Amino acid sequence: MSTAPTQTAKPTKPVKPVSHPAGRLDWRRLLRWLHEDGVISSAMHEQTAQRFAAGDSVQHPLVRLANAQLLHAKSGKPLDLDLLTEWLAGHIGMPYVRIDPLKVDVGRVSDVMSITYAERRRALPLQFGLNEVTVATSEPFDLAWVPEIEAHTKKSLKLVVANPSDIAKFTTEFYTLQRSVRAAIKTGETSAAASFEQLVELGKTNKQLDANDQGVVQVVDWLWQYAFDQRASDIHLEPRRELSVIRFRIDGVMHTVYQLPPGVMNAMVARIKLLGRMDVVEKRRPLDGRIKTRNPQGDEVEMRLSTIPTAFGEKLVMRIFDPDTTVKNLDALGFGTHDAQRWEQLVSRPHGIILVTGPTGSGKTTTLYSTLRRLATDEVNVCTVEDPIEMIQPALNQTQVQPAIDLNFSEGLRALMRQDPDIIMVGEIRDLETAEMAIQAALTGHLVFSTLHTNDSASAITRLTDLGVPPYLIGATVIGVLAQRLVRTLCVSCKQPDPHTTAEAIDEVIKPWRINGRVSAYKPVGCLECRMTGFRGRAGLYELLSVSEAAGAFIHPTPDISKLRKQSLTEGLRPLRLAGAMKVAEGVTTLEEVLRSTPAWEA
């Protein structure tokens, strides 16, 4: 069902010709091979053999050896389960894989073998081609079952070696998910009764999935835990005509996870809306909600929900907020030392407006919440008005915009002014009325934070004038603008030095600036850790414009953005592209990634 890229096997070469003994792996044979290959010393071989001779164990031999804390004879590094499994694959000349659950066609796993069969054989189907099925095994010599499965599937089997713990874990997860989906299908109707193209089907059946059906509950629970485990920032439930799609956004890139019958997807959406205290019956207009749950580590996780009607039913997006977001320091956010010091000086000012700009998904919320959390001490009153409240924070007094009762940003801000605030955060300045209220708050001695959608920091001044704010008020109240972007960071497990990205190549892109110092540029390669993308995680790029008295002279009486930019450069501003180039020189990301994410500097 999944259309994600194929599972990548790591090719291995045998150290020496090995006759394959039939049957299960034995720790004695593995220990002897480790010694013969020079992986462990003679002393460690004898010591481990004596320790294990006391009795047998039900553990897989590789797991037992990994728990023995063996050390590599040459490097001295611990031989963990992954290293031992990879060594075994190389020793016997079979491909080695690290199972990436996002690239397994979970919906077809049970078509190959039952969970009982898979657990007994310590095998797990991974990929399904026209004439071949790839099966991971942790028992590469126990092959008596292969002809039986080939006869059942009418396809040849390609065996690969995988970590026995991963096989056991994912066997339970995949089959449990498939069982829940099939139970949900049996419970109710599997066609999308509310889709735009199938309204004629209404009334043909009264069967409908219940949002509280146990199968649906289990699928939703699995979905969340799976998303947390895969570091997803967003979960998309997308209705389709025949098979609806679940997709995750990971490091800014979408991945297809699973496909479901429309009826199951409708029931999942209803279940999530129910938990998010949304109107389950209303499917004709967009709705917003929120859910708080816990990740596998036990930390509370906030999820913002948003639905919208589409041709085939309701589309639901869940944005997951990292529980560590509000406690991140500036270094963890990606601030360099230079901009971190300037930002700290700016947010310590007693009054004025500080704007954070950038497109949707550029990390503005993370920066604001992290900053407000550090400013919200017992000595100050921090209030916010948001649409919606992204993350509930006990240290903040947060107000939700509610257009249905005419509580918009400007009205909320007007009410907050009577709440004796010290610091105010307005979710977004969208109109003149909100901008005027923010300016009034700053003029009366409050520190105001807000966001705008502009390409760079100086453009925020232009946006405010376009809204109708007089330049003299902008110059009197705006004390700083932070523009930001997110770029993917290189995977530390597989990145390699890039001889082509030299200081001269970087300088050519960021003219008239130059990179001073040593350049340690790297290029993406791709491995199982990063799902063959070459990138893992994201980092922030920042451009901080501090509106000094000298810079304010270019805002009032008439804004001159070109001169404002030049003045800001003399006061320490580093453009987004320059900030990105410095990350390239440090080996954090690539020049192509920076060029894709940042605007060209306009002097």
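For the chain, an unreviewed UniProt entry supplies the name GspE/PulE family protein and the organism Piscinibacter gummiphilus. Recorded in UniProt for the chain, the comment headed Sequence similarities (unreviewed entry) runs: "Belongs to the GSP E family."

1. Notes on the UniProt feature "domain: Bacterial type II secretion system protein E" (unreviewed entry) in the chain
Within this numbering scheme, the UniProt entry marks residues 417-431 as carrying the feature "domain: Bacterial type II secretion system protein E" (unreviewed entry). Span residues 417-431 is 0% helix and 27% strand, its end C-alpha atoms 18 Å apart.

2. Things to note about the packing of aromatic side chains
Using the criterion set out here, one finds eight aromatic pairs in the structure. Geometrically, the ring pair formed by Trp222 and Tyr258 is edge-to-face, given 6.3 Å between the ring centres and 65 degrees between the ring planes. Of this pair, Trp222 sits in helix α9 (residues 214-229) while Tyr258 sits in strand β7 (residues 253-260); the two residues are 36 residues apart in sequence, bridging distant segments of the chain. In this structure, Trp222 and Tyr258 share a single accessibility class: buried. Cluster of aromatic residues (ring-pair linked, three or more members): Trp222, Tyr226, Phe248 and Tyr258. We note Arg64 situated over the ring of Trp27; from NZ or CZ to the ring centre the distance is 5.8 Å. Across from the ring centre of Tyr117, 5.2 Å away, lies the NZ or CZ of Arg120, which sits over that ring.

3. Overview of the sheet that holds strand β4 (residues 156-162)
The strand order across the open sheet formed by four strands is β1-β4-β3-β2, and the pairing between neighbours is mixed. The sheet terminates laterally at β1 (96-97) and β2 (123-128), the two strands that pair on one side only. Here six bridges tie strand β3 (residues 132-137) to β4, and the two strands are oriented parallel to one another. Paired with Val133 across the two strands is Leu157, which belongs to β4.

4. Focus: the nonpolar core
Core analysis: the biggest nonpolar cluster contains 92 residues, and Trp145, Leu237, Ile246, Phe248 and Met268 have the highest contact counts within it. Broken down by element, the residue count for this core peaks at nine residues, all from α9. When neighbours within four sequence positions are excluded, Leu237 is seen to be in contact with Leu223, Val245, Ile246, Met265, Met268, Val269, Ile272, Glu314, Lys315, Leu316 and Met318. With 36 residues, the next largest nonpolar core counts Leu413, Ile424, Val481 and Leu545 among its residues.

5. Focus: the pairing of strand β19 (residues 535-546)
β19 sits mainly inside the fold: nine of its 12 residues count as buried. Where strand β16 (residues 478-490) lies against β19, 10 bridges are found, and the strand directions are antiparallel. Across the sheet, Leu486 pairs through a bridge with Gly540, a residue of β19.

6. What about the packing of helix α12 (residues 337-347) against helix α13 (residues 364-375)?
Between α12 and α13, whose axes approach to 12 Å, the crossing angle comes to 60 degrees. Accordingly, the angle class assigned to the pair α12 and α13 is oblique. Considering the relative orientation of α12 and α13, their crossing is right-handed. Contact residues: α12 offers Trp343, Glu344 and Val347, while α13 offers Thr367, Thr371, Arg374 and Leu375.

7. What to know about unusual backbone geometry
Most of the time, phi is negative for any residue but glycine, and the peptide bond is trans. Residue Lys511 is joined to Pro512 through a cis peptide bond whose omega torsion reads 10 degrees. With respect to the helices, strands and loops of the structure, Pro512 is situated in the loop between α18 (503-509) and β18 (522-523). The step from His556 to Pro557 runs through a cis peptide bond, and the omega angle for that step is 10 degrees. Positive phi, normally seen in glycine, also occurs at Arg122, with a value near 55 degrees. Inspection of the secondary structure assignment puts Arg122 in the loop between α6 (115-121) and β2.

8. Considerations on the confidence of the model for the chain
The pLDDT averaged across the chain works out to 85; a share of 90% of its residues lies at or above 70. Low pLDDT, under 50, characterises residues 11-18; the predicted model gives this stretch 19 contacts beyond four residues in sequence or across chains. Ignoring residues within four places in sequence, the model shows residues 189-208, a span with pLDDT below 50, making 38 contacts including any to other chains.

9. Brief notes about the sheet that holds β19
Pairing in this open sheet of seven strands is mixed, and the strands run β13-β12-β14-β15-β11-β16-β19 from one edge to the other. Bordering the open sheet on either side are β13 (397-400) and β19, each of which pairs with just one other strand. This sheet shows a mean twist of 20 degrees between the axes of neighbouring strands, independent of strand direction. Relative to strand β15 (residues 447-452), strand β14 (residues 423-426) is paired through four bridges, and the arrangement is parallel. Paired with Val426 across the bridge in β15 is Ser450. The strands touched by α12 are β11 (352-357), β15, β16 and β19; relative to β19, the strand with the most contacts, the crossing angle is about 55 degrees.

10. Quick word on the pattern of salt bridges
In this structure the tally under the stated criterion is 27 salt bridges. Notably, a salt bridge pairs Asp100 with Lys103, separated by 3.9 Å at the nearest N-O pair. A relative accessible area of 5% places Asp100 in the buried class. A cluster of three or more residues bridged by salt bridges with shared partners is formed by Arg24, Arg121 and Asp142.

11. Thoughts on the packing of helix α1 (residues 27-36) against helix α2 (residues 42-52)
Direction vectors running N to C along α1 and α2 enclose 170 degrees, while the axes themselves pass 10 Å from each other. By the angle class used here, α1 and α2 are roughly antiparallel. Only Ser42, His45, Thr48, Ala49 and Phe52 of α2 make contact with α1, whose side of the interface consists of Trp27, Leu31, Arg32 and His35. For the contact of α1 with α2, the class distribution of residues is four nonpolar, four polar and one charged.

12. Comments concerning helix α20 (residues 561-570)
For α20, every residue scored as buried is listed here: Ile561, Leu564, Arg565, Gln567 and Ser568. Buried residues of α20, seen end-on, are gathered within an arc of 165 degrees and therefore sit on one face of the element. As for α20, its buried residues are in contact with α16 (459-467), β19 and α19 (549-552). Looking one or two places after α20, you find Gly572, whose phi comes out positive at around 110 degrees.

13. Focus: the environment of Ala476
Structurally, the position occupied by Ala476 is in helix α17 (residues 471-477). Judged by its relative accessible area of 53%, Ala476 is exposed. Considered as a pair, Ala476 and Lys283 are 193 residues apart in the sequence and their alpha carbons are 47 Å apart.

Reading guide: rules and limits
- Every chain is numbered on its own, with residues counted from 1 as its sequence reads.
- At least 70 in pLDDT is required for a residue's local features to be given in this predicted model, at least 80 for side-chain atom pairs to be given and counted, and no such filter applies to totals for whole chains, interfaces and linings, which use all residues.
- Derived side-chain values reflect all non-hydrogen atoms in the structure, with water molecules and hydrogen atoms excluded from consideration.
- UniProt positions are given in the numbering used here, feature names are shortened, and annotations may be inferred rather than shown by experiment.
- The secondary structure listing takes helices from DSSP runs of H or I that are at least 4 residues long and strands from runs of E that are at least 2 residues long, numbered from the N terminus.
- Think of it this way: a Phe, Tyr or Trp ring, Trp meaning its six-membered ring, pairs with another when their centres are within 6.5 Å, and the plane angle makes it stacked under 30 degrees, edge-to-face over 60, tilted otherwise.
- Only protein chains enter the area calculation, which uses a 1.4 Å probe; residues under 20% of their type maximum are buried, those over 50% are exposed, and those in between are partly exposed.
- In this scheme, Lys NZ or Arg CZ marks a charge over a ring once it lies within 6 Å of the ring centre and within 35 degrees of the ring normal.
- If DSSP finds at least two bridges between two strands, the strands pair.
- Buried Ala, Val, Leu, Ile, Met, Phe, Trp, Tyr and Cys residues form a nonpolar core when they are joined through side-chain atoms within 4.5 Å.
- Any two residues having at least one pair of non-hydrogen atoms within 4.5 Å are treated as being in contact.
- Geometry is summarised by axes, namely lines fitted to C-alpha atoms with helices restricted to the contacting stretch, and by angles between N-to-C directions that run from 0 to 180 degrees.
- Oblique is the label for every angle not falling under 35 degrees (roughly parallel), over 145 degrees (roughly antiparallel), or within 65 to 115 degrees (roughly perpendicular).
- A clockwise turn of the near helix away from the far one marks a right-handed crossing, whereas an anticlockwise turn of less than a right angle marks a left-handed crossing.
- Across the chain, each position has a pLDDT score giving the predictor's confidence in that residue, from 0 to 100.
- Whenever Lys or Arg places a side-chain nitrogen within 4 Å of a carboxyl oxygen from Asp or Glu, that contact is recorded as a salt bridge.
- Note on residue categories: nonpolar means Ala, Val, Leu, Ile, Met, Phe, Trp, Tyr, Cys or Pro, charged means Asp, Glu, Lys or Arg, and polar means any other residue, Gly included.
- Taken from the helix axis, the directions to the C-beta atoms give the arc we talk about.

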